[in-house]
Amino acid sequence: MLFWSELKKTIAGIPYLLFVIVVVIALNSQGVLNFSNDKVIEPNPTANQNYGIKNEEIPELIMPAAIEALYAEFLENRYQTYPIGFVKYVKLNDDEQRKVAEIIAAITNIEIEKIYASQDSCSDRNDNAIVVGDNANIQPDGNGGFVISLESGIAEEVQKDLELSVRKDMSYSQFKELMQSVDDILGGGSNYAAESLIGYGHVPITYEEAVRRYELVKNRDRFTGGYARLFSDYAVAMTFSILPVFLAVIIAMKDKRAKMSELIYIRKISSAKIITMRFLAVLAAAMLPVIVLSYISNISIWNLYPEMKLDYLAPLKYDLGWILPSAMITAAVGICLTELTDTPIAVAVCALWWFIDVNLGMKSVSASCTLFRLAPRHNSGTKSYFRTQDYIDHFPKILANRLLFTGLSIVLVVGTIFIYEAKRKGKFLWKK
Amino acid sequence: MEKIKSITIFNIRHHAMLSTLVVVIILLITPILFGTSQLDLTESAILLEMFVSLIGIVLITPVFQPEHDDAIRELVSSKYVSTNLVYFIRMTYAAILIIVFTGLFAVYLRMRQCDITFLLYLGTVANAVFLGALGMMTAALTNNTVIAYMIPLVYYALNYGAGDKLGNYYLFSMCISDFTPKLWLGATGILLIFSALIIKKVERRLV
């Protein structure tokens, strides 16, 4: 009875209507409400199909590509890193640049002086050039005049002057160690970290691999699973890591706004029942539209695979397993902080948390499911439904993450019960 | 003049301190999360549009917040001083704070040898004003600060997904070197602010 009354309070009114509208707009903007144009095509050996690119740890590919990239950044003294997810451009001081030059010299066998000279030549060209367009420069001609020239990247040009090649006696493990030291000098998070070097090993996917992937999509995901996963990825990142907090804060402040708090405090009903029912009502209200939308999204592909065995429960499984824990944690933070402070501070807390978390994942949207990610990511755009093996590999991490947030939200709800109980006994009434 | 001065001091002390603190936190964590050394124009634009412009939501949205409590609203309405004057004062110092904080951050970027132009600065202020005005208008219509924060935050999130499909209302347009939307955002922001103040004036007459 109490649950229905709290649910009615949550869904009646403009805030809930806005919540639903926003969820629909946000998911529609990501194109995950209709997958009817995204059919998974069975690999065909006779057709000239492109199966895409994958990363593999092949030293012969990785070593030259990585050293070239490092040398280009060294010349400009501008290194791209992602220390905590956000892109950060690092500029090194002279000592640190010298250390990087030493590492490049150790890998390529080029004298360190030459490497240094090329850096100076690069910066000289930079200093004297006035950029007048995307590719055009005005440069002094040495006789007091100027020459207008077209330029396609100073670093690349200087790079051509120096023959870069990895020493023949350089082992891959040595190379990784040296590149790791570059990453340490840069403060971490660069593409030169030992575990990130694989990003330089691009190889095309073969027909046999494409068939294996297709079989996994067909037999493990039963087609619908991949689409449901992509839907959940966007639903959590765009909406459910933040929006339920609004419903929770509004419902938690409703009694106070209606000046009913004191009246409810003296009633016989237990604090545990009030808070638990309120929490469940917020969750039910938040999950209702997303369950409907996940089926609208998934139904759009059911007719693309006639005579195939589809998993019709896949949307529900991902709704409850992937999206629900995010809704639980944001709703729990909302209810807990509102009861504790009697202010909407939870909105600021969740907004900041969501903002940092979403941006943290910018480099790792394709697969980022560490333990404390509010919105675990497993997204390669329309190719996401192909990545069944990746999902199977990451599943233990995703499971641990989702269980942690479920547990945390239960702890917060229990904490809220104690806070509510204390308020009924006259404690935590800040303004009294 | 003395009256305006005392209203301003009272409001800053009692209503603006928390918002200002949140703004300072946002501006302090920005360089920690994002590199601020030698950024080119596009990178500076990313930083200003995606991070700094959020201060508008924090500073402008709660302009009507104290009067959302019915008892306070009735008490304030009975006073000799016009509530609209109080709103206008709050609005003015919120706008000044946006201009000052964005300016300070731009100077900091300049000191870190980043490319930054006056247009980038103005564009960021326009973004902040628009986001804040969106919140202020929602607050005027719903008398609920929580919903008022929700709308600009959701609009901000929508810009991540929808991108330049939002046309002249795309918040991150300077990242793609398009400054025209800033005129629209700034002008719409000012229009929304004045419309919100008018709504409040009309509402007070009707009650």
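Throughout what follows, the structure given in this document is the object of discussion.

Procedures and definitions
Residues numbered from 1 in each chain as written. Chains lettered and ligands numbered in written order. Predicted model: local features only at pLDDT ≥ 70, side-chain atom pairs only at ≥ 80, totals over all residues. Helix = DSSP H or I, 4+ residues; strand = E, 2+ residues; numbered from the N terminus. Buried ≥ 20, exposed ≤ 12 C-beta atoms within 10 Å, placed from the backbone. Rg over C-alpha atoms; globule rule 2.2 N^0.38 Å. Contact = placed C-beta atoms within 7 Å. Core = buried A, V, L, I, M, F, W, Y, C linked by C-beta atoms within 7 Å. Nonpolar A, V, L, I, M, F, W, Y, C, P; charged D, E, K, R; others polar. Axes fitted to C-alpha atoms, helices over the stretch in contact; angles between N-to-C directions. Parallel < 35°, antiparallel > 145°, perpendicular 65-115°, else oblique. Left-handed = near helix turned anticlockwise from the far one by under 90°.

Focus: the overall build of chain A
From N to C terminus, chain A includes 15 helices and seven strands. Per-residue burial for chain A yields a buried fraction of 38% across its 432 residues.

Topic: the overall build of chain B
Secondary structure assignment for chain B yields eight helices and zero strands. In sequence order, chain B lays out its α and β elements as α-α-α-α-α-α-α-α. The C-alpha atoms of chain B give a radius of gyration of 18 Å, which matches the 17 Å a tight globule of 207 residues would have. For chain B, buried positions account for 45% of its 207 residues.

Some points on the environment of B:Met174
All names here are of chain B. Note that Met174 resides in the loop between helix H7 (145–162) and helix H8 (180–206). Overall, the presence of 25 C-beta atoms within 10 Å leaves Met174 in the buried class. Placed 132 residues apart in sequence, Met174 and Thr42 show a C-alpha to C-alpha distance of 7.2 Å. Residues contacting Met174, with those up to four places away along its chain left out, are Ala45, Glu49, Leu120, Gly123 and Phe179.

Digging into the nonpolar core
In this structure, A:Leu247 and A:Ala331 are the most contacted members of the largest nonpolar core, which totals 165 residues. Apart from the residues lying within four places of it in its own chain, the contact partners of A:Ala331 are A:Pro244, A:Val245, A:Leu247, A:Ala248, A:Phe279, A:Val282, A:Leu283 and A:Ala286.

Section: the interface of chain B and chain A
Taken together, the contacts link 19 residues of chain B with 25 residues of chain A. Of all the secondary-structure elements, those providing two or more residues to the side of chain B that touches chain A are helix H1 (2–33) and H7 of chain B. Along the lines of polarity and charge, the residues of the side of chain B that touches chain A split into 13 nonpolar, six polar and no charged.

Regarding the packing of helix H12 (residues 271–302) of chain A against helix H15 (residues 388–424) of chain A
Residues and elements named next belong to chain A. Axis separation between H12 and H15 bottoms out at 9 Å; the angle between their running directions is 135 degrees. The angle between the axes of H12 and H15 places the two elements in the oblique class. For the crossing formed where H12 meets H15, the hand is right-handed. Contacts from Ser271, Ala272, Ile274, Ile275, Thr276 and Phe279 in H12 reach Val413, Thr416, Ile417, Tyr420, Glu421 and Arg424 in H15. Among the residues making up the contact of H12 with H15, the classes are represented as seven nonpolar, three polar and two charged.

As far as function goes, none of this settles anything; it's purely spatial.
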